[in-house]
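Below, each chain spelled out in residue letters.
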Amino acid sequence: MPPLEKRQPHGMAIAEHSQNGLVHRIVGDPSAETDDPVASYKLKSRASRRPRHRREGLPSAERPEQPPGDVTTNSARGSPLSKSPSRNVVLSSHHPAIVWLSENELLLPLSVLCLVHLCQWVGYEWPSAWLNIQHPVGANTTDHYSGREQRYVRGVYDATFVVCWVLRIVAARAVMLHHVLPLLPRFLGVRSARKIRRFGESGWFLSYILISWSIGFRMWRQSPYYMNTRSLYTNYPEDHAHMPYDLKWYYLVQTAFWISNVYTIFVEERRKDHLEMLTHHVVTIALVLSSYYFHFTRFGHAFMLVMDFPDIFLTSAKLLRYLGYITLPNLLFGAFTISWVFTKHYLCLKMMLSIWTQGPQEIPFEKHFPHYPNSFASYPIVSVIWAILCVLQAILIYWFFMILRVLQRVLIQGKDAADNRSDDEDDVESDESTVCESKPAAEQG
């Protein structure tokens, strides 16, 4: 063995930070690998096995700089998470555009809305297409919903009305999520930033669902197709193409809500079922737009109510869970499971079958597309809507199996109803278990 002062190190594992993450390389004696390949191999293996997130062991000079936004890692999938430096927000993407939108999700929509209202106040006519329902048609019959005689058809200016409501929903969500809803858990002594953040997200969703479902249910109670699937196709397309004011408003606002949800899943912490959620949102938007364009608005209205109802129980259970309750969230989760099976599977499949059984009976062949004005009743078009419904039902069946896993833990293992479909809290903070984190808040059609 050579003297101590003449020994040469075979190499040293150094960590470098690149665009693809933390990269390890061996530096030191260039001849170390050829003189002692076994030692060189051991050093390389030891460096490659070092976890990427362990940076505290590196010298300060060699420690890689954090990218802007305090990027962390999702333990469930290893995907990057960008934490907003100024608020209690964890993003599912560290893309600069997502970070910028998250930091300005209140300022940006309020600026555009103020500009629209200012132009309307000055006297311009174009803001009317943003703020009011357009494309009215004359009618002599009394509206079933509001008593108004005016009816409306779909048109190009519906897009600007939807954009305006997307901005309103995003701004309202930002106010509720960051300034209003966190006050309650903090007042009740909740100290976990993660639980406060999740409470705000669930509280915002519950607030919207309660308001929208109540409005939609009132319209349904006063409609001719209340508790009657056959009436969903009666007098097609005349009574369907000419929509009451309330029904058109409800349809366009719901469309804006689901479009805003596509933005929401990228500015919230990534769930385990992120891909399923994104697929669900896209399918729901496609179903809403297709039923609106093809004048099947009665079917779409009833389908939205059916899909939204169970999420009231789910979101309420999550809110109570974040506040520290155990028994009541478990009971609400049981009610959610029962309502899920009844609405999202039984009623949904019943409505899907009515398309092929009751639809052809109520819509005669002479009113089929393209022989009849404003009619889109044809087997190819209906098959497209049916295919979208089948994709949505497949996602619901997948989530239902996740619910059964939760029930197995509760009924057989005696554990709490902490849903394993979305949250990764057990992987990050063991003391912050959550309740039944599920799919987007309300599957709609």
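Residues numbered from 1 in each chain as written. Predicted model: local features only at pLDDT ≥ 70, side-chain atom pairs only at ≥ 80, totals over all residues. Heavy atoms only, no water.

Chemist: Run through the side chain of Glu 268, naming residues and quoting values.
Modeler: By secondary structure assignment, the location of Glu 268 is in the loop between α10 (245-264) and α11 (274-293). One polar contact links Glu 268 to Arg 271, side chain to side chain, over a distance of 3.3 Å. (Helix = DSSP H or I, 4+ residues; strand = E, 2+ residues; numbered from the N terminus. Polar contact = N/O pair within 3.5 Å; in protein donor to acceptor, adjacent residues only side chain to side chain.)

Chemist: Account for the side chain of His 295, with residues named and values stated.
Modeler: As for its placement among the helices and strands, His 295 is situated in the loop between α11 and α12 (297-322). Accessibility expressed as a relative area gives 5% for His 295, which makes it buried. Apart from residues no more than four positions distant in its own chain, His 295 is found in contact with Arg 154, Tyr 236, His 240, Ala 241, Asn 374 and Phe 376. (Buried < 20%, exposed > 50% of the residue type's maximum accessible area, 1.4 Å probe, protein only. Contact = heavy atoms within 4.5 Å.)

Chemist: Outline empty space enclosed by the protein, listing residues and values.
Modeler: Here the structure, examined in full by the defined rule, presents three cavities of 30 Å³ or more. Size it by volume and the second largest cavity reaches roughly 210 Å³. Lining of the second largest cavity is provided by 15 residues; of these, Phe 296, Ile 355, Gly 359, Ile 363 and Val 382 occupy positions nearest its centre. For the lining of the second largest cavity, the leading source of residues is helix α15 (residues 379-411), giving three residues. Looking at side-chain class alone, the lining of the second largest cavity contains eleven nonpolar, four polar and no charged residues. (1 Å grid on protein atoms, 1.4 Å probe; cavity = no way out; pocket = protein on both sides within 12 Å on 5 of 7 lines; lining within 4 Å. Points joined across faces, edges and corners; volume = space filled by probe spheres on them. Nonpolar A, V, L, I, M, F, W, Y, C, P; charged D, E, K, R; others polar.)

Chemist: Tell me what's going on with the confidence of the model for the chain, and back it up with residues and numbers.
Modeler: Averaged over the chain, the pLDDT score is 78; the fraction of residues at 70 or greater is 69%. Under a pLDDT of 50 for its full length, residues 4-34 has, in the predicted model, 51 contacts with residues more than four places off or in other chains. Segment residues 424-445 is flagged for pLDDT under 50; beyond a separation of four residues in sequence, or across chains, it makes 116 contacts in the model. (pLDDT = per-residue confidence, 0-100.)

Chemist: Summarise a nonpolar patch on the surface; cite the residues concerned and give the values.
Modeler: There is a patch of nonpolar side chains on the surface, built from Leu 118, Trp 121, Val 122, Tyr 124 and Trp 126 and spanning about 640 Å² of accessible area. Inspection of the secondary structure assignment puts Leu 118 in helix α4 (residues 107-122). The class for Leu 118 is partly exposed, based on a relative accessible area of 45%. (Patch = residues over 30% accessible without salt bridge, like charges linked within 9 Å, V, L, I, M, F, W, Y side chains within 5 Å. Areas by Shrake-Rupley, 256 points an atom, 1.4 Å probe, with all protein chains shown as cover. Salt bridge = Lys/Arg side-chain N within 4 Å of Asp/Glu carboxyl O.)

Chemist: Outline the nonpolar core, supporting the account with residue identities and numerical values.
Modeler: Phe 299, Phe 303 and Leu 389 are the most contacted members of the largest nonpolar core, which has 80 residues in total. Where this core is concerned, the elements lending two or more residues are α3 (96-103), α6 (158-180), α8 (193-221), α10, α11, α12, α13 (327-357) and α15. By residue number, the principal contributor to this core is α15, which donates twelve residues. (Core = buried A, V, L, I, M, F, W, Y, C linked by side-chain atoms within 4.5 Å.)

Chemist: Residue-level account of the packing of aromatic side chains, with values.
Modeler: In this structure the tally under the stated criterion is 24 aromatic pairs. Measuring from centroid to centroid gives 5.8 Å for Phe 299 and Phe 303, while their planes differ by 15 degrees, and the two rings are stacked. Separated by four residues within a single helix, Phe 299 and Phe 303 lie in helix α12, roughly one turn from each other. Using a relative accessible area of 6% as the deciding quantity, one classes Phe 299 as buried. (Phe/Tyr/Trp six-rings, centres within 6.5 Å; stacked < 30°, edge-to-face > 60°.)

Chemist: Report on the packing of α11 against α15, specifying residues and quantitative values.
Modeler: Put simply, α11 and α15 touch, their axes get as near as 10 Å, and they point 150 degrees apart. Comparing their axes, α15 and α11 come out roughly antiparallel. Read as a crossing pair, α11 and α15 show a hand that is left-handed. Here Glu 276, Met 277, Thr 279, His 280, Val 283, Thr 284, Ala 286, Leu 287 and Ser 290 of α11 lie close against α15, whose contacting residues are Ile 385, Ile 388, Leu 389, Val 391, Leu 392, Ile 395, Tyr 398 and Trp 399. (Axes fitted to C-alpha atoms, helices over the stretch in contact; angles between N-to-C directions. Parallel < 35°, antiparallel > 145°, perpendicular 65-115°, else oblique. Left-handed = near helix turned anticlockwise from the far one by under 90°.)

Chemist: Pulling in residues and values, what's your account of the sheet that holds strand β7 (residues 151-152)?
Modeler: The strands that make up a sheet pair up through hydrogen bonds in the backbone, lying either parallel or antiparallel. Reading across from one edge, β6-β7-β8 is the order of the three strands in this open sheet, with antiparallel pairing throughout. Only two strands of the sheet have a single partner each, and these edge strands are β6 (136-137) and β8 (243-244). (Pairing = 2+ DSSP bridges.)

Chemist: Requested: an account of the pattern of salt bridges, with residues and values cited.
Modeler: The tally for this structure, following the rule as stated, stands at 14 salt bridges. Linking Arg 230 and Glu 362 is a salt bridge whose minimum nitrogen-to-oxygen distance equals 3.3 Å. You can see Arg 230 sitting in the loop between α8 and α9 (238-241) and its partner Glu 362 sitting in helix α14 (residues 359-362), a full 132 residues away along the chain. The exposure class assigned to Glu 362 is partly exposed, which follows from its relative accessible area of 23%. Ionic contacts of the salt-bridge type, sharing partners, join the residues Glu 105, Arg 173, Arg 194, Arg 197, Arg 198, Glu 201, Glu 268, Glu 269 and Arg 271 into one network.

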